[in-house]
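Read off the chains here:
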Amino acid sequence: MSRLSAGGARRRVGSTDVLAVVPPPVTVRVPAKVNLHLSVGDVRPDGYHELVTVFQALSLTDEVTVAVADDPGVEVHGEGAATVPTDASNLAWRAVQALAERTGRDPYDPKVRVVIRKGIPVAGGMAGGSADAAATLVGLAALWKLDMTRDELAEVGARLGSDVPFALYGNTALGAGRGERLVPVLGRHTFHWVVALDRRGLSTPDVYRELDRLRAESRPPRVGAVEPVLEALATGDPRQLALLLGNDLQSAAVSLRPSLRRTLRAGVAAGALAGIVSGSGPTCAFLCADGASAVRVAAELSGAGVCRTVRVAQGPVPGARVVACEEPTRPTPPEVHA
Ligand SMILES: C[C@](O)(CO)[C@H](O)COP(=O)(O)OP(=O)(O)OC[C@H]1O[C@@H](n2ccc(N)nc2=O)[C@H](O)[C@@H]1O
Ligand SMILES: Nc1ncnc2c1ncn2[C@@H]1O[C@H](COP(=O)(O)OP(=O)(O)OP(=O)(O)O)[C@@H](O)[C@H]1O
């Protein structure tokens, strides 16, 4: 891993020796999401589908460090890292360029290095790339000392991906439009989840296309109204919520990856209250009665041979937030020396 600059650095500016204080690297933790309810409407002229969704942020997280560096770029570590691009197509790098442009910096030479540690499954329908973009926006806002609200960061984020604004806010939220228009759903209850990660990812556009194809030739099931889901969230009763989990993309994900049917059945057979494909899949999320039950379900499911690996998670958790900002340890010397 390349070194990230921290603390003060001496530079010559003309005939003056300047101590430029390089800001310390900023590390941001950002959660994965699951859609508790995902109602997909018609395709819009811009190619996106109109959604009504309820997002919940789960305690599966990525960590993203942004730092001033003379070797700009992105590096990715952790599970699935080898499949994540480190070129300009990485969503975190696109976030750097978008925020640089928005704040009058050079988007092609932003002098920033981004280090991503993946804990969120890649191409798993849990918004991993969007999470990294959101974390990068929050990290850069701190690194560059920007006076921007989360709403303003979300405006920049929405242009990068429909799931980016939610990763900024976290917790539980009702999403509309293409998923970027959010209203917080308040609640004091914690829900316990088991997530089953598949061996290979699924492409989000492919899953939406498959749903359009299925709808053109038959009538795949559609989720009901969102209001009962919001009521169940307010009661905090996982049994009530379990009955209402629904995802219009599930039939499309299962059509592209029929083995998911077996995974969903195995989770319920292992004792989960209900299982659902997370977003565009192929990760399956299982709602459990409590923390102890989640641990039991995870143990049984991991022995069932239906998925690559299994994780226990809780939700809701907060959105992207700074967890470390290493201040230089030595006292700051005067800024300019003759
Ligand atoms: C499946 C979900 O994760 C549910 O929250 C999201 O809808 C996907 O959000 P995302 O990965 O941030 O997706 P984007 O990067 O905005 O869009 C990727 C592609 O997914 C499809 N897409 C996405 C969102 C949406 N409301 N309708 C769509 O049809 C489009 O083909 C789009 O080109
Ligand atoms: N920082 C990133 N992390 C993960 N994938 C990235 C990143 N940047 C770009 N990608 C690309 O995006 C693709 C989708 O990855 P991601 O993990 O975001 O999928 P996802 O969780 O299914 O997304 P969503 O749930 O938002 O539809 C990957 O196959 C990868 O090529």
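Computed from a predicted model, the values in this text were never measured in an experiment.

## What about the site of ligand 1?
Around ligand 1, a shell composed of 17 residues is seen, among which Lys-33, His-49, Ser-162, Asp-163 and Tyr-208 lie nearest. In the complex, 83% of the free accessible area of ligand 1, which totals 640 Å², lies under the protein chains. Counting only elements with at least two residues in the shell around ligand 1, the list comes to β3 (26-43), β4 (49-68) and α5 (204-217). Looking at the shell around ligand 1, its residues break down into six nonpolar, eight polar and three charged.

## Side note on the UniProt feature "domain: GHMP kinase N-terminal" (unreviewed entry) in the chain
As annotated by UniProt and renumbered to match this structure, "domain: GHMP kinase N-terminal" (unreviewed entry) occupies residues 90-170. Each end of residues 90-170 is marked by a C-alpha atom, and these two atoms are 21 Å apart; helix forms 53% of the span and strand 9%.

## Observations concerning the environment of Gly-246
Positionally, Gly-246 belongs in strand β10 (residues 246-247). Residues Gly-246 and Thr-172, 74 residues apart in the sequence, show an inter-C-alpha distance of 16 Å. When residues no more than four places from it in sequence are discounted, the contact partners of Gly-246 are Leu-36, His-37, Leu-38, Val-223 and Ile-276.

## Observations concerning the sheet that holds strand β11 (residues 274-277)
If you walk across this open sheet you meet the four strands as β11-β12-β9-β13, and the pairing is antiparallel. The strands lining the two open edges of the sheet, one partner per strand, are β11 and β13 (309-315). For this sheet the average axis-to-axis angle between neighbouring strands, irrespective of direction, equals 25 degrees. Relative to the sheet, helix α9 (residues 260-269) contacts β9 (191-197), β11 and β12 (284-288), its axis offset from that of β12 by approximately 15 degrees.

## Focus on the pattern of salt bridges
Taken as a whole, this structure holds 16 salt bridges when the rule is applied. Ionic pairing is found between Asp-198 and Arg-257, a salt bridge with its closest N-O pair at 2.9 Å. Linking Asp-198 in the loop between β9 and α5 with Arg-257 in the loop between α8 (250-256) and α9, this pair joins segments that are 59 residues apart in sequence. Exposure remark for Asp-198: the relative accessible area of 13% places this residue in the buried category. We classify Arg-257 as buried; its relative accessible area is 7%. Close ionic contact of Arg-213 with Glu-217 constitutes a salt bridge, the shortest N to O distance being 3.3 Å. Taken together, the residues Arg-213 and Glu-217, both in helix α5 and four residues apart, mark about one turn of the helix. Shared partners join several salt bridges into a network, and the residues in it are Arg-44, Asp-46 and Glu-50.

## Here we look at the packing of α9 against helix α10 (residues 291-302)
Where α9 contacts α10, the axes come no closer than 9 Å and their chain directions differ by 135 degrees. It follows that α9 is oblique to α10 by the angle criterion. Handedness of the α9/α10 crossing: right-handed. Taking contact as the criterion, the partners of Thr-263, Ala-266, Gly-267 and Ala-269 in α9 are, on α10, Val-297, Glu-300 and Leu-301. Looking at the contact of α9 with α10 residue by residue, the class counts come to four nonpolar, two polar and one charged.

## Digging into the side chain of Arg-178
For Arg-178, the location among the structural elements is in the loop between β7 (172-176) and β8 (181-184). Of the side chains with opposite charge, Glu-180 lies nearest to the buried Arg-178, which makes no salt bridge, at 4.3 Å. A distance of 3.1 Å separates a polar atom in the side chain of Arg-178 from a polar atom in the side chain of Ser-162. For Arg-178, the contacting residues outside a window of four places in its chain are Arg-44, Tyr-48, His-49, Leu-51, Ala-158, Arg-159, Gly-161 and Ser-162.

Calculation notes
Residues numbered from 1 in each chain as written. Chains lettered and ligands numbered in written order. Predicted model: local features only at pLDDT ≥ 70, side-chain atom pairs only at ≥ 80, totals over all residues. Heavy atoms only, no water. Near = heavy atom within 4 Å. Areas by Shrake-Rupley, 256 points an atom, 1.4 Å probe, with all protein chains shown as cover. Helix = DSSP H or I, 4+ residues; strand = E, 2+ residues; numbered from the N terminus. Nonpolar A, V, L, I, M, F, W, Y, C, P; charged D, E, K, R; others polar. UniProt positions renumbered as here; feature names shortened; annotations may be inferred. Contact = heavy atoms within 4.5 Å. Pairing = 2+ DSSP bridges. Axes fitted to C-alpha atoms, helices over the stretch in contact; angles between N-to-C directions. Salt bridge = Lys/Arg side-chain N within 4 Å of Asp/Glu carboxyl O. Buried < 20%, exposed > 50% of the residue type's maximum accessible area, 1.4 Å probe, protein only. Parallel < 35°, antiparallel > 145°, perpendicular 65-115°, else oblique. Left-handed = near helix turned anticlockwise from the far one by under 90°. Lys, Arg positive; Asp, Glu negative; His and termini not counted. Polar contact = N/O pair within 3.5 Å; in protein donor to acceptor, adjacent residues only side chain to side chain.

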